Amino acid sequence: MSLEVDRLECGYDRAPILHGVSLRVGPGELVAVVGSNGAGKTTLVRTIAGLLTVRSGDLRVDGSSFARTSAARRARSGIVMVPEGRRLFPQLTVGENIEMGRRAARGRTGGEDPVAALLDAFPILTERWDQQANLLSGGEQQMVALTRAVAARPRYLLLDEPSLGLSPLKTLEVFRLIEMIRERTGAGILLVEQMADQALQAADRAYVLELGRVSMEGPAAEVRASDEVRRAYLGVA
Ligand code: ATP
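Residues numbered from 1 in each chain as written. Predicted model: local features only at pLDDT ≥ 70, side-chain atom pairs only at ≥ 80, totals over all residues. Heavy atoms only, no water.

Per an unreviewed UniProt entry, the protein chain goes by Branched-chain amino acid transport system ATP-binding protein and derives from Blastococcus mobilis.

In structure tokens form, the structure reads like this:
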């Protein structure tokens, strides 16, 4: 059981961006993809979500290919993306945004309500429940976007740069939420981040993406400790 990306090639118009990327996310696993600006991280997430076409290679869940399935069907089957920039419904309240996520859950119901646990742990969400989403700070919006995604009962969650534009303090808070999502939902999480240090601390395993290719992979602690990553992504001389 896992989400598999197998020798994936994709890109925009004539520009190839990913050149044979392979990776795997197991259920309940938090997997980080780190890499500098332009490495292809957003392209990877958008392709798994179905917003960009697979040119060659394959995408599979539990062994079945979904490379030719529409984005809507992928979402319905539980592959849920939180895009860069969060994309909340700006005129709707926090509660209404989260309710939209619940509607997307379709048949995936039962068991403990994962949203309730998040609301308990992060009271700010309840405090802001009736406020219009676009009046929230960036960090709060990110938390709402993550909670909305959890309300959809994802089997696999694709997170594109959740820390983008956030202060270090808010980034920590968002990462705390992501770790809680992993604990409470059992979803496999693919976390694409430029904030390599935080991502590698939170993740179980990690991949380094350089110019559209995986240049390193392994347990996140090992990747974080490697000289190459320390120099290139953690600012250690
Ligand atoms: P960032 O952190 O800046 O989002 P990234 O690792 O997510 O970086 P991508 O956004 O996937 O990288 O971009 C990879 C490459 O694809 C870059 O060279 C970028 O210029 C190019 N690219 C991105 N979007 C488009 C587009 N719509 N059309 C053409 N090229 C694009």
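After presenting the structure, the write-up continues.
**Let's talk about the side chain of R182**
Here R182 lies in helix α7 (residues 168–185). Assessed through its relative accessible area of 17%, R182 is described here as buried. Separated by 2.7 Å, the side chains of R182 and D204 make a polar contact. Those residues in contact with R182, other than ones at most four positions away along the chain, are G28, L30, I189, A202 and D204. (Helix = DSSP H or I, 4+ residues; strand = E, 2+ residues; numbered from the N terminus. Buried < 20%, exposed > 50% of the residue type's maximum accessible area, 1.4 Å probe, protein only. Polar contact = N/O pair within 3.5 Å; in protein donor to acceptor, adjacent residues only side chain to side chain. Contact = heavy atoms within 4.5 Å.)

**Quick notes on the sheet that holds strand β5 (residues 64–65)**
One open sheet holds the four strands; their spatial order is β2-β1-β4-β5, and the pairing between them is antiparallel. In this open sheet, the two edge strands, each paired with only one partner strand, are β2 (15–25) and β5. Pairing analysis gives five bridges linking strand β1 (residues 3–12) to strand β4 (residues 56–61), with the strands arranged antiparallel. When the sheet's bridge partners are listed, E4 is paired in β4 with R60. Against the sheet, helix α1 (residues 41–49) touches β1, β2 and β4, its axis set at about 110° to β1. (Pairing = 2+ DSSP bridges. Axes fitted to C-alpha atoms, helices over the stretch in contact; angles between N-to-C directions.)

**Section: the environment of G186**
Along the chain, G186 turns up in the loop between α7 and β8 (188–193). Among the residues examined, G186 registers a relative accessible area of 38% and is labelled partly exposed. Each C-alpha atom, one on G186 and one on E96, is 24 Å from the other, the two residues being 90 residues apart in sequence.

**Quick word on the nonpolar core**
With 47 residues, the main nonpolar core has L146, L159, I178, I181 and L200 as its most contacted residues. Top contributing element to this core by residue count: helix α6 (residues 138–151), with seven residues. When residues no more than four places from it in sequence are discounted, the contact partners of L146 are V82, L159, V174, L177, I178 and I181. (Core = buried A, V, L, I, M, F, W, Y, C linked by side-chain atoms within 4.5 Å.)

**Considering the site of the ligand**
Around the ligand, 13 residues are found, and the nearest of them are N37, G38, K41, T42 and T43. A distance of 2.3 Å separates an oxygen atom of the ligand from a polar side-chain atom of N37. Side-chain polar atom of Q194 to an oxygen atom of the ligand: 3.0 Å apart, as the coordinates give it. Against a free-state accessible area of 630 Å², the protein chains account for coverage of 59% of the ligand. Considering every element that reaches the shell around the ligand, the biggest residue donor is α1, with three residues. A class-by-class count of the residues in the shell around the ligand yields three nonpolar, seven polar and three charged. (Near = heavy atom within 4 Å. Areas by Shrake-Rupley, 256 points an atom, 1.4 Å probe, with all protein chains shown as cover. Nonpolar A, V, L, I, M, F, W, Y, C, P; charged D, E, K, R; others polar.)

**Some remarks on the pattern of salt bridges**
Oppositely charged side chains are able to pair whenever their charged atoms sit close together. Overall, the coordinates contain 14 salt bridges when judged by the stated rule. A salt bridge links E112 to R184; the nearest nitrogen and oxygen atoms lie 2.9 Å apart. Of the two residues, E112 sits in the loop between α3 (94–104) and α4 (114–121) while R184 sits in helix α7, which places them 72 residues apart along the sequence. Between D204 and R182 there is a salt bridge whose closest N-O contact spans 2.7 Å. Of this pair, D204 sits in the loop between α8 (196–202) and β9 (205–210) while R182 sits in helix α7, placing them 22 residues apart in sequence. In the salt-bridge network here, residues are joined through shared partners; they are E4, D6, R7, D58 and R60. (Salt bridge = Lys/Arg side-chain N within 4 Å of Asp/Glu carboxyl O.)

**Some thoughts on α3**
Here α3 has its buried residues at V94, G95, N97, I98 and G101. In an axial view of α3, the angular spread of the buried residues amounts to 165°, which keeps them on one side of the axis. Buried residues in α3 make contact with α4, α5 (123–127) and α6. Backbone geometry just downstream of α3 places R106 in the positive-phi region, at approximately 50°. (Arc of directions from axis to C-beta.)

**Quick word on the confidence of the model for the protein chain**
Note that predicted coordinates carrying low pLDDT should not be read in detail. Counting all residues, the mean pLDDT for the protein chain is 92, and 100% of those residues have values of 70 or more. Across the assembled chains, the prediction reports ipTM 0.91 with pTM 0.94. (pLDDT = per-residue confidence, 0-100.)

**Side note on the UniProt feature "domain: ABC transporter" (unreviewed entry) in the protein chain**
The UniProt record annotates "domain: ABC transporter" (unreviewed entry) at residues 3–236. Helix makes up 39% of residues 3–236 and strand makes up 26%, while its end C-alpha atoms are separated by 33 Å. (UniProt positions renumbered as here; feature names shortened; annotations may be inferred.)

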